[in-house]
Amino acid sequence: MSISSVSLIPAPTTSASAGTAPVKPASATAGLRLTARGRRLFGGLAILAVALGFGALAAPPAIAAVSNVSAAAELEQVTVGAGETLWEIAEGAATTRDVRDVLADIKRINGLEGAHVEPGQVLMLPPDR
């Protein structure tokens, strides 16, 4: 096995007196570059943000508050009697709708997780549509 010698060649240097500017790395001169796909994505996000802004202005909170007041005025209150179940209350409230739908509405309106109710508990009933 023979050992070969390696000679190093120095890199060329530039000097300011030679009239050339020092070389900058490519990352220092390059700004943010977006592909066509990236430009479409950011443009779409900007359009979406503007649309959501206009959408928020289109439905003022005053109108939503009035509709909630009118919906609350249509609700009927009932007090749970001894031995009464939520199913029985829903049956009494459901004259034109399916009892299961009324039961789900009662649970949603009153924030009930299950079907357990206590005697004396006041429940809000949905309007029968």
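Before any of the text, the structure's been laid out above.
Residues numbered from 1 in each chain as written. Predicted model: local features only at pLDDT ≥ 70, side-chain atom pairs only at ≥ 80, totals over all residues. Heavy atoms only, no water.

Glancing now at the overall build of the chain. Looking only at helices and strands, the chain features five helices and two strands. Helices and strands appear in the chain in the N-to-C order α-α-α-β-α-α-β. Evaluated residue by residue, the chain yields a buried proportion of 14% over its 129 residues. Contacts spanning at least 24 positions in sequence make up 57% of the contacts within the chain whose residues lie at least 6 apart. Split by element, the accessible area of the chain, about 10,400 Å² in all, is 63% carbon and sulfur. (Helix = DSSP H or I, 4+ residues; strand = E, 2+ residues; numbered from the N terminus. Buried < 20%, exposed > 50% of the residue type's maximum accessible area, 1.4 Å probe, protein only. Contact = heavy atoms within 4.5 Å. Areas by Shrake-Rupley, 256 points an atom, 1.4 Å probe, with all protein chains shown as cover.)

Before going further, it helps to spend a moment on the environment of isoleucine 89. Take isoleucine 89: it is sitting in helix 4 (residues 86–93). For isoleucine 89 and valine 99, which are ten residues apart along the polypeptide, the C-alpha to C-alpha distance reads 9.4 Å. Once residues within four sequence positions are removed from consideration, isoleucine 89 is found in contact with Val78, Val80, Glu84, Ile106, Leu123 and Leu125.

In this structure, Leu86, Ile89, Ala90, Val102, Ile106, Val117 and Leu123 are the most contacted members of the largest nonpolar core, which totals 14 residues. Elements with a minimum of two residues in this core: helix 4, helix 5 (99–110) and strand 2 (122–125). (Core = buried A, V, L, I, M, F, W, Y, C linked by side-chain atoms within 4.5 Å.)

Taking 1.5 Å per residue as the helical rise, helix 5 with its twelve residues ought to reach 16 Å, and the 16 Å between its terminal C-alpha atoms agrees with that figure. Among the residues making up helix 5, those that are buried are Val99, Val102, Leu103, Asp105 and Ile106. The buried residues of helix 5 occupy an angular sector of 160 degrees when projected down its axis, which confines them to one face. Opposite the buried face of helix 5, by more than 90 degrees, sit the exposed residues Arg100 and Arg108. Looking at the buried side of helix 5, the elements it contacts are helix 4 and strand 2. With its phi angle positive at about 70 degrees, glycine 111 sits one or two positions after the end of helix 5. (Expected span 1.5 Å × (residues − 1). Arc of directions from axis to C-beta.)

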